[in-house]
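# Summary of structural features
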There are 2 protein chains.
Amino acid sequence: MEKNSVILLIIDGLGDLPTPKTPLQAAKKPNIDRLAKEGITGLFSPIKRGMVPGSDTSHLRIFGYDPDIFYPGRGPLEALGVGINLKEGDIAFRANFATIKDGRIIDRRAGRIETTEAKSLEKYLNTRIEDVDIIYKHSVDHRGAVVFRGPKLSDRVCDSDPHIIDSSIINSFALDKSPEAEKTARILNRYMEYCISVLSKAEENKKREQNGKLPANALLLRGAGTYTPVPSITKRFCIKGVCIAGGALYRGVARYVGMDVIMLPSKEDDKILQERAYAAVKATNDYDLVFLHVKGCDNAGHDGNFEQKKKTIEAVDRNIIPIIAKSGASIIITGDHSTPVSRKEHSGHEVPILIWSKEERKDNVKKFDEMSCMNGGLGHIRGKDLMPIILNILKKAEKYGS
Amino acid sequence: MEKNSVILLIIDGLGDLPTPKTPLQAAKKPNIDRLAKEGITGLFSPIKRGMVPGSDTSHLRIFGYDPDIFYPGRGPLEALGVGINLKEGDIAFRANFATIKDGRIIDRRAGRIETTEAKSLEKYLNTRIEDVDIIYKHSVDHRGAVVFRGPKLSDRVCDSDPHIIDSSIINSFALDKSPEAEKTARILNRYMEYCISVLSKAEENKKREQNGKLPANALLLRGAGTYTPVPSITKRFCIKGVCIAGGALYRGVARYVGMDVIMLPSKEDDKILQERAYAAVKATNDYDLVFLHVKGCDNAGHDGNFEQKKKTIEAVDRNIIPIIAKSGASIIITGDHSTPVSRKEHSGHEVPILIWSKEERKDNVKKFDEMSCMNGGLGHIRGKDLMPIILNILKKAEKYGS
């Protein structure tokens, strides 16, 4: 049965450089290649040619939101992603548990503390300083988000996270001369002291130390941003969207633009990838746009692990594609940026893209990879092109003129 | 040895129209074609599709400077190029020696006066009128630059150069109603009279006349522009750049954006092209971006000389490419615009571009010419795309978002 909906599969960090093959070229991916053969392909610059996208700005742009206008900073996106219901004017941060000793950070991940244990520390970290309510919510491993809610705050404050070990926690300071920034920096510093004080006394940390583990006895904040609600994709494009992603950031960007979120585990084994695929197929009954995210390729790229990146592509091919290809929905596959294994970081190289849809044309490209897609019928498209193309497939594009 | 630097070879006026072949198609250029075969290619519009670029705006755009914002007019670029250290607020002009007789211009190049002889006239042309210091500096042949330095000046004045012969020198006038423009036009006219007076009396001109040559007894000014310093490429992009070019304009644009300049002769015979190539290779040790310029193709295009344009391409292939290809640096080859021999002027046709770098992908294009590059993996890129692509190759691109 054909459905008038789009499954947008974003394989994070998908693009690569040839060494001499790219992971996409090396991977066995008969199902993706079939979609490429039956569909139309091209190369995709999420922001602009050559520009290195962050995952946050790239996803915003993919969903039709110009980051120059709509980017709220990383903090609010993470906070939305961990499930905090932000209010206008909230200041949000990304937060890491860390281990400090004699005033110095000795581990920025608190001995790679596990999710369950870290979550049990959540209860200590909500407080009120001056007239500001502070909310901590945990996501996975050592990660979480913090929100400052109160009058006269600003996001123009320095991170308390020094981003390196063997340093002390940074005494935050205002990045402009406003009283709001001064106040926020002051509260941030008092909150850092508060966290150290309650976490040092926490039973959970005492147990960790008894078991030879590093205590999660400090919290580090970074990526301050102010939350301002933005018009949803439903309001702007008349479509309903839903997100199926493991990471808080992706869920957060989706919530920020007014998508619903289907909560499935963050781990990405065969079983969970299949669960995501089934959930996506089911969601096509209720949503125009189903945003399905896979993180593994980006992690492998950051680790410089060619084999792992290749295997992740093969796992997506095996576990996701056969299921979603039967849904009757149109399918778009691309990445939010390249993360070449030779660089171990995001790069500005284009990402292959394919569209498999009765509402699109076909080209002569037979395989889905960086080189084959150079000859694709879509040509070279940019982030800002994608939502109009999606709306056109959905027959939801508004006519310009009459 | 691999180097993290880029040699950007701009072959001025490179692109052409097929008659039935283009000079690039007709030229024997095995070295350039090897780079095309091993690299990635495309077509390049320095400004916008179909738009006819000037050499000044095109180079600015190539270096990452939007001419709509940063273009200071031709005068300041030429003045920087001849080595004048401009100060903020200076008004600069291009200057030509000319021959006048009975108040009419009879030769706009003063009988094609040669560099050495023209340079000897430099000493007469520095003066002070009202409260304005006037600096003349010579470049090559009949060309030079003039700078007005003083309070309350404006570039909104008409050229004194009528751009045709058999006309008198134009009595410059203000192009707006500001007292600054009125003052500048007045000084310009007084300076024109001053030049005629000192040049007519000059020993050098008397000798020229005795030898049956036309005297350089007048100076014509055009292209007024106000110099305002702009943030350098080092400040904006965190890269160090250097220019190896024969022409004042190219050196001037490079200085304007904060590049260093390596001074080598303007002539472009085999030996000097090789010298430029060796200088470029040496410069890759100290600079991220080495801008290497060759002018000959544009001159041949303006002359409508197909053979000469073809020969210039072959000379570049023979003298420059083998040397720079051994440097370990990434190489980009393109032009600043097309100068079709059939038109004898700049045109808005795209220029072929190739990138040969370990930090870029490869495509299936085997030759470097206007038609082969239509199938290139870079697609159709614009001037504003080039600096982000260069920064991405250099791994100096800043991530947009996080």
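Look a little higher up for the structure.
This report concerns the structure included in the present document. All figures in this text were calculated on a predicted structure; none of them were measured in a lab.

## Remarks on the overall build of chain A
Looking only at helices and strands, one finds 15 helices and 15 strands in chain A. Computed over its C-alpha atoms, the radius of gyration of chain A comes to 22 Å, within 12% of the 21 Å expected for a compact globule of 402 residues. Counting only C-alpha atoms and orienting by the principal axes, one finds that chain A spans roughly 65 × 50 × 35 Å. When each of the 402 residues of chain A is scored for burial, the buried share is 60%. In chain A, of all internal contacts separated by at least 6 residues, the share reaching a separation of at least 24 is 74%. Within the structure as shown, chain A displays about 16500 Å² of accessible surface, and the carbon and sulfur contribution to it stands at 48%. Averaging the coordinates of the 62 positive side-chain charges in chain A and doing the same for the 53 negative ones gives two points 2 Å apart.

## What to know about the nonpolar core
The nonpolar side chains of a soluble globular protein tend to be buried, and buried together. All names here are of chain A. Core analysis: the largest hydrophobic core is formed by 90 residues, its most contacted members being Ile320, Ile324 and Ile333. Look past the residues within four positions of Ile333 in its chain and what remains in contact with it is Leu9, Ile11, Ile32, Leu35, Ile321, Pro352, Ile353, Leu354 and Phe368. One finds Leu8, Ile62, Ala92 and Tyr256 within the second-largest nonpolar core, a separate group that totals 48 residues.

## Quick notes on the relation of the copies chain B and chain A
In screw terms, the move from chain B to chain A is a rotation of 120° and a rise of 0.1 Å along the axis, fitting with an RMSD of 0.1 Å. Each copy turns onto its partner about a three-fold axis. When you check the interface residues of chain B against chain A, a mere 4% turn up at the interface there too, and the two sides of the contact use different surfaces.

## Observations concerning the packing of helix H5 (residues 74-81) of chain B against helix H10 (residues 248-256) of chain B
All names here are of chain B. Orientation of H5 relative to H10, taken along the N-to-C sense of each, is 95°, at an axis distance of 6 Å. Between H5 and H10, the angle is such that the two are roughly perpendicular. Of the residues in H10, those in contact with Arg74, Leu77, Glu78, Leu80 and Gly81 of H5 are Ala248, Leu249, Arg251, Gly252, Val253, Arg255 and Tyr256. Across the contact of H5 with H10, the residue classes break down as six nonpolar, two polar and four charged.

## Side note on H5 of chain B
Residue and element names in this part refer to chain B. The element H5 is largely enclosed, with a buried count of seven among its eight residues. Regarding H5, the residues found buried are Gly75, Pro76, Leu77, Glu78, Ala79, Leu80 and Gly81. Taken together, the buried residues of H5 touch helix H3 (55-62), strand E3 (91-101), strand E7 (143-149), strand E8 (218-226) and H10. Looking one or two places after H5, you find Gly83, whose phi comes out positive at around 105°.

## Structural notes on the packing of aromatic side chains
A complete count under the given rule lists 16 aromatic pairs over all chains for this structure. Seen from their ring centres, Tyr65 of chain A and Phe70 of chain A are 5.1 Å apart, and the 70° between their planes marks the pair as edge-to-face. Each member of the pair, Tyr65 of chain A as well as Phe70 of chain A, carries the same accessibility label: buried. Grouped by ring-pair contacts, the aromatic residues Phe93, Phe148, Tyr191 and Tyr194 of chain A constitute a single cluster. Lying over the aromatic face of Tyr287 of chain B, Lys240 of chain B brings its terminal NZ or CZ to 5.0 Å of the ring centre.

## Topic: the sheet that holds strand E2 (residues 40-45) of chain A
Residues and elements named next belong to chain A. Strand order in the open sheet formed by eight strands is E11-E10-E12-E1-E13-E14-E2-E15, with mixed pairing between adjacent strands. In this open sheet, the two edge strands, each paired with only one partner strand, are strand E11 (260-262) and strand E15 (379-382). Each adjacent strand pair in this sheet contributes to an overall mean axis angle of 25°, direction not counted. Helix-sheet contacts for helix H11 (residues 270-283) involve strand E1 (6-11), strand E10 (241-244), E11 and strand E12 (289-294), and the interaxial angle to E12 is about 170°.

## Some points on unusual backbone geometry
In this model, Thr19 of chain A is joined to Pro20 of chain A through a cis peptide bond whose omega is -10°. Relative to the elements of secondary structure, Pro20 of chain A occurs in the loop between E1 and helix H1 (23-26). One non-glycine residue, Ala110 of chain B, lies in positive phi territory at about 50°. With respect to the element layout, Ala110 of chain B can be found in the loop between strand E4 (104-107) and helix H6 (115-119).

## A word on the interface of chain B and chain A
On the side of chain A, 33 residues touch chain B, which itself brings 25 residues to the contact. Counting the surface chain B buries against chain A, the share from its top three residues, Arg361, Tyr400 and Ser402 of chain B, is 40%. Where chain B packs against chain A, one counts one salt bridge. When residues of the side of chain B that touches chain A are traced back to their parent elements, those giving at least two are strand E14 (379-382), helix H15 (383-393) and strand E15 (399-400) of chain B.

## Let's talk about helix H15 (residues 383-393) of chain A
Along H15 of chain A, the residues that are buried comprise Gly383, Leu386, Met387, Ile389, Ile390, Leu391 and Ile393 of chain A. A positive phi of about 60° marks Lys395 of chain A, the residue just after H15 of chain A.

## Things to note about the sheet that holds strand E11 (residues 289-294) of chain B
Residues and elements named next belong to chain B. An order of E10-E9-E11-E1-E12-E13-E2-E14 is seen for the eight strands of this open sheet, with the pairing classed as mixed. Two strands lie at the open edges of the sheet, namely strand E10 (260-262) and E14, each paired on one side alone. Neighbour-to-neighbour, the strand axes of the sheet open up by a mean angle of 25°, direction not taken into account. Inspection of the sheet shows strand E2 (residues 40-45) paired to E14 by four bridges, in the parallel sense.

## Observations regarding the pattern of salt bridges
Taken as a whole, this structure holds 55 salt bridges over all chains when the rule is applied. Here Lys310 of chain A ties to Glu307 of chain A by a salt bridge, and the two come within 3.8 Å at their closest N and O atoms. Residue Lys310 of chain A and its partner Glu307 of chain A are located together in helix H13 (residues 306-319), separated by three residues, close to a single helical turn. When its relative accessible area of 40% is taken as the criterion, Glu307 of chain A is described as partly exposed. Residue Glu117 of chain B is joined to Arg208 of chain B by a salt bridge in which the shortest nitrogen-to-oxygen separation is 3.1 Å. Placement of Glu117 of chain B in helix H6 and of Arg208 of chain B in helix H8 (residues 203-210) is noted, with a sequence separation of 91 residues between them. A network of salt bridges, in which partner residues are shared, links Lys29, Asp33 and Lys367 of chain A.

Calculation criteria
Residues numbered from 1 in each chain as written. Chains lettered and ligands numbered in written order. Predicted model: local features only at pLDDT ≥ 70, side-chain atom pairs only at ≥ 80, totals over all residues. Heavy atoms only, no water. Helix = DSSP H or I, 4+ residues; strand = E, 2+ residues; numbered from the N terminus. Rg over C-alpha atoms; globule rule 2.2 N^0.38 Å. Buried < 20%, exposed > 50% of the residue type's maximum accessible area, 1.4 Å probe, protein only. Contact = heavy atoms within 4.5 Å. Areas by Shrake-Rupley, 256 points an atom, 1.4 Å probe, with all protein chains shown as cover. Lys, Arg positive; Asp, Glu negative; His and termini not counted. Charge placed at Lys NZ, Arg CZ, Asp CG, Glu CD. Core = buried A, V, L, I, M, F, W, Y, C linked by side-chain atoms within 4.5 Å. Least-squares fit on C-alpha atoms with pLDDT ≥ 70 in both. Axes fitted to C-alpha atoms, helices over the stretch in contact; angles between N-to-C directions. Parallel < 35°, antiparallel > 145°, perpendicular 65-115°, else oblique. Nonpolar A, V, L, I, M, F, W, Y, C, P; charged D, E, K, R; others polar. Phe/Tyr/Trp six-rings, centres within 6.5 Å; stacked < 30°, edge-to-face > 60°. Lys NZ or Arg CZ within 6 Å of the ring centre and 35° of its normal. Pairing = 2+ DSSP bridges. Buried area = accessible area lost by both parts, 1.4 Å probe. Salt bridge = Lys/Arg side-chain N within 4 Å of Asp/Glu carboxyl O.

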